[in-house]
Amino acid sequence: MDRFTPDVFLEWLLRPFLMADPSAFMYVEFMAPDLRPAFLIAMLFIGAVFGSLKGRLTAETWRLLMAFWLTLYLWTFVIGNGRYFLSALLLLGPLIMLAWRGLPGTKPFRWATLVLIGGLQAVALASSYKPDVWGRADWVSGTGIDIEEAALRHRPAVFIMASVNAYSILVPRFHPDSRWAQLVGQRDISPAAREYASVVELLSSELPKLLVIPIPGGWSDKHNQPDLELRKLLGQSLSTYGLTLNGEPCMVLRSTLPRVSAGAAVTSQPGTVPKEPERGFWFCPMSYSDADRIAAIAKPPQALQWSDVFEAIEQRCPRFFPPGSGVTREFDGTASRWYPSIDMLISIWGPGDVTYKYFRALNHRSIGSVADIRAGKFVVQCDKPPGRYQMPWSEE
């Protein structure tokens, strides 16, 4: 993932100070200002120049300090994601105490400094911390999650998950001879992939096949079934594997998982009070045809006609549009290529307009027309696309 790595050298150099910036997605997926690296640098400098730090550092503590800073900058350059740096971040507390002992001044002054550091960090966290941001359900006793009892849980079947999240915690709640795969929602598994043979073997099973969909707000009809637009989108994604929704109603199993966001409330009648969508999963019966799968492979994708457009942008800006890593899709006349490793999207709209969007940006940015891009007459902001982290003093 290139989501958290710096775009310019100055961001890399100043990472210990920029970690104090409460802006989201600096080094974690949510607001998490960390003032400790900046405090550590300041105390090390003051203690070394004006205090007694030099006399307190042993060979072991010198090595620990150097290892920490070397690791911090390597982490920043290689991946920058805070979840992969937690073990080193745990060292910040002991290192701050080490630097604190070397500060000049009286003992009450040093204690007051320590209290001030802790207080400022606590205020920074309190101003941005929201508990259970990623929480989806409360844990219950036993294995897996709480989900409504139903006969289908006790019969072997092939379950195909359609979601960005795998929800693999569902597996222990179903028959142990059931089989699971995630084919819709993240990466497509093409015939060239190593997993493709396993997918074909799975779909060729005699077991009944069900598509599993976390019930999303705003995509249900009045009968609490997937609406026509969602069925159309799912049908297109499934057709590449020779799968089709067979028209039977989807079974609803209620669960505390997934948790629907507050903004996803829907209403069935104008003027009524919005209600929370059903929490749980749709289990939609499907049919598989090996002949349809082979025909889908043989049929050239409609988006193939835009391959040269995508590739021209990739050649111009390979860091944010890595060649060979995009997932290309076409739906209702719109072609797109999504780059999961950088969270960037290129869209080619019906009339031939081409846009790009980083997933944290508010709006799509125009690149030009298809004709302009094929002629090489286009400009992409390759140094820092809109939505990427901006330093606090940036004019943008």
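Residues numbered from 1 in each chain as written. Predicted model: local features only at pLDDT ≥ 70, side-chain atom pairs only at ≥ 80, totals over all residues. Heavy atoms only, no water.

Engineer: What should I look at first to understand the overall build of the protein in this one?
Structural biologist: When helices and strands are tallied, the protein shows 13 helices and eleven strands. The principal-axis extents of the C-alpha atoms in the protein amount to approximately 80 × 60 × 50 Å. Contacts spanning at least 24 positions in sequence make up 62% of the contacts within the protein whose residues lie at least 6 apart. Accessible surface, the protein: about 21,500 Å² in total, of which carbon and sulfur atoms supply 62%. The protein carries 39 positive and 36 negative side-chain charges, and their two centres are separated by 8 Å. (Helix = DSSP H or I, 4+ residues; strand = E, 2+ residues; numbered from the N terminus. Contact = heavy atoms within 4.5 Å. Areas by Shrake-Rupley, 256 points an atom, 1.4 Å probe, with all protein chains shown as cover. Lys, Arg positive; Asp, Glu negative; His and termini not counted. Charge placed at Lys NZ, Arg CZ, Asp CG, Glu CD.)

Engineer: Sorry if this is basic, but what is going on with the packing of helix α5 (residues 59–78) against helix α7 (residues 92–101) here?
Structural biologist: For any two helices packed against each other, the geometry is given by the interaxial angle and the distance between the axes. Direction vectors running N to C along α5 and α7 enclose 130°, while the axes themselves pass 12 Å from each other. Of the possible angle classes, the one that applies to α5 and α7 is oblique. Taken as a pair, α5 and α7 cross one another with a handedness that is left-handed. Contacts from T61, L64, L65 and F68 in α5 reach L92, L95 and L98 in α7. Class assignment of the residues belonging to the contact of α5 with α7 gives a composition of six nonpolar, one polar and no charged. (Axes fitted to C-alpha atoms, helices over the stretch in contact; angles between N-to-C directions. Parallel < 35°, antiparallel > 145°, perpendicular 65-115°, else oblique. Left-handed = near helix turned anticlockwise from the far one by under 90°. Nonpolar A, V, L, I, M, F, W, Y, C, P; charged D, E, K, R; others polar.)

Engineer: So what exactly am I meant to see when it comes to a nonpolar patch on the surface here?
Structural biologist: Where nonpolar side chains cluster on the molecular surface, the patch consists of V8, F9, L10, L13 and W393 and spans about 500 Å² of accessible area. Residue classification places W393 among the exposed residues on the basis of a relative accessible area of 54%. (Patch = residues over 30% accessible without salt bridge, like charges linked within 9 Å, V, L, I, M, F, W, Y side chains within 5 Å. Salt bridge = Lys/Arg side-chain N within 4 Å of Asp/Glu carboxyl O. Buried < 20%, exposed > 50% of the residue type's maximum accessible area, 1.4 Å probe, protein only.)

Engineer: Which parts of the structure should I look at to understand the state of the cysteines?
Structural biologist: Linking two cysteines covalently through their sulfur atoms gives a disulfide. For the structure on display, the rule yields two disulfides. Each sulfur of the disulfide joining C250 and C284 lies 2.0 Å from the other. Handedness here is read from the sign of the S-S torsion; for C250 and C284, about 105°, the answer is right-handed. Of this pair, C250 sits in the loop between β4 (243–245) and β5 (251–254) while C284 is found in strand β6 (residues 280–288), placing the two residues 34 residues apart along the sequence. With relative accessibility at 5%, the residue C250 sits in the buried group. Cysteine pairing for the protein (bonded cysteines numbered in sequence order): 1-2, 3-4. (Disulfide = S-S within 2.5 Å.)

Engineer: Where do I start with the sheet that holds strand β8 (residues 334–339) in this structure?
Structural biologist: Each strand in a sheet pairs with its neighbour through backbone hydrogen bonds, running either in the same direction (parallel) or in the opposite one (antiparallel). Pairing within the open sheet is antiparallel, and its five strands lie in the order β7-β8-β9-β10-β11. The sheet terminates laterally at β7 (327–331) and β11 (365–369), the two strands that pair on one side only. The average angle at which neighbouring strand axes cross in this sheet is 20°, direction not considered. As defined by bridge partners, strand β9 (residues 344–348) adjoins strand β10 (residues 353–358) across five bridges and the pair is classed as antiparallel. Paired with I348 across the bridge in β10 is V354. This element, helix α12 (residues 307–316), spans β7, β8, β9, β10 and β11 of the sheet and lies at about 35° to β8. (Pairing = 2+ DSSP bridges.)

Engineer: Help me out: how do you make sense of helix α9 (residues 196–203) in this one?
Structural biologist: Along an α-helix, a turn takes 3.6 residues, which lines up residues three or four apart on a common side. Taken as a whole, α9 has its buried residues at Y196, V199, V200, L202 and L203. Seen along its axis, α9 keeps its buried residues to an arc of 160°; they face one direction. (Arc of directions from axis to C-beta.)

Engineer: Teacher, can you tell me more about the nonpolar core here?
Structural biologist: As a rule of thumb, nonpolar side chains are buried together in soluble globular proteins. Of all hydrophobic cores here, the largest spans 33 residues; its most connected members are L40 and F68. Looking at this core element by element, the count peaks at six residues for α7. Ignoring sequence-local partners within four residues, the contact set of F68 consists of L40, F85, A88, L91, L92 and L95. Counting 25 residues, the second largest nonpolar core, distinct from the first, contains Y196, I215, L243 and V252. (Core = buried A, V, L, I, M, F, W, Y, C linked by side-chain atoms within 4.5 Å.)

Engineer: Teacher, can you tell me more about the pattern of salt bridges here?
Structural biologist: Per the counting criterion, the structure on display carries 14 salt bridges. The salt bridge involving E148 is made with R254; its shortest N-O contact spans 3.3 Å. Within this pair, whereas E148 is found in the loop between α8 (107–128) and β1 (158–162), its partner R254 is found in strand β5, the two being separated by 106 residues in sequence. Among the residues examined, E148 registers a relative accessible area of 29% and is labelled partly exposed.

Engineer: What is the right way to read empty space enclosed by the protein from this model?
Structural biologist: Over the atoms, a rolling probe the size of a water molecule traces out where space has been left empty. Inspection of every chain in the model, using the stated rule, returns one cavity of 30 Å³ or more. Tallied by class, residues from the lining of the largest cavity come to five nonpolar, one polar and five charged. (1 Å grid on protein atoms, 1.4 Å probe; cavity = no way out; pocket = protein on both sides within 12 Å on 5 of 7 lines; lining within 4 Å. Points joined across faces, edges and corners; volume = space filled by probe spheres on them.)

Engineer: What exactly am I supposed to notice about unusual backbone geometry here?
Structural biologist: Excluding glycine, residues mostly have negative phi values, and the peptide bonds linking residues are mostly trans. The phi dihedral of Y167 falls on the positive side, at around 50°, and the residue is not glycine. Unlike most non-glycine residues, D343 shows phi in positive territory, near 60°. With respect to the helices and strands, the residue D343 is situated in the loop between β8 and β9. Of the residues examined, D343 reaches a relative accessible area of 6% and is grouped as buried.

Engineer: Explain the layout of surface pockets to me, please; I cannot follow it from the model alone.
Structural biologist: One number sums up the size of the second largest pocket: a volume of about 380 Å³. Among the elements of the structure, α6 (86–89) and α8 are those that each provide at least two residues to the lining of the second largest pocket. Among the elements that make up the lining of the second largest pocket, the one with the highest residue count is α8 (three residues). Taken together, the residues of the lining of the second largest pocket break down into twelve nonpolar, four polar and four charged.

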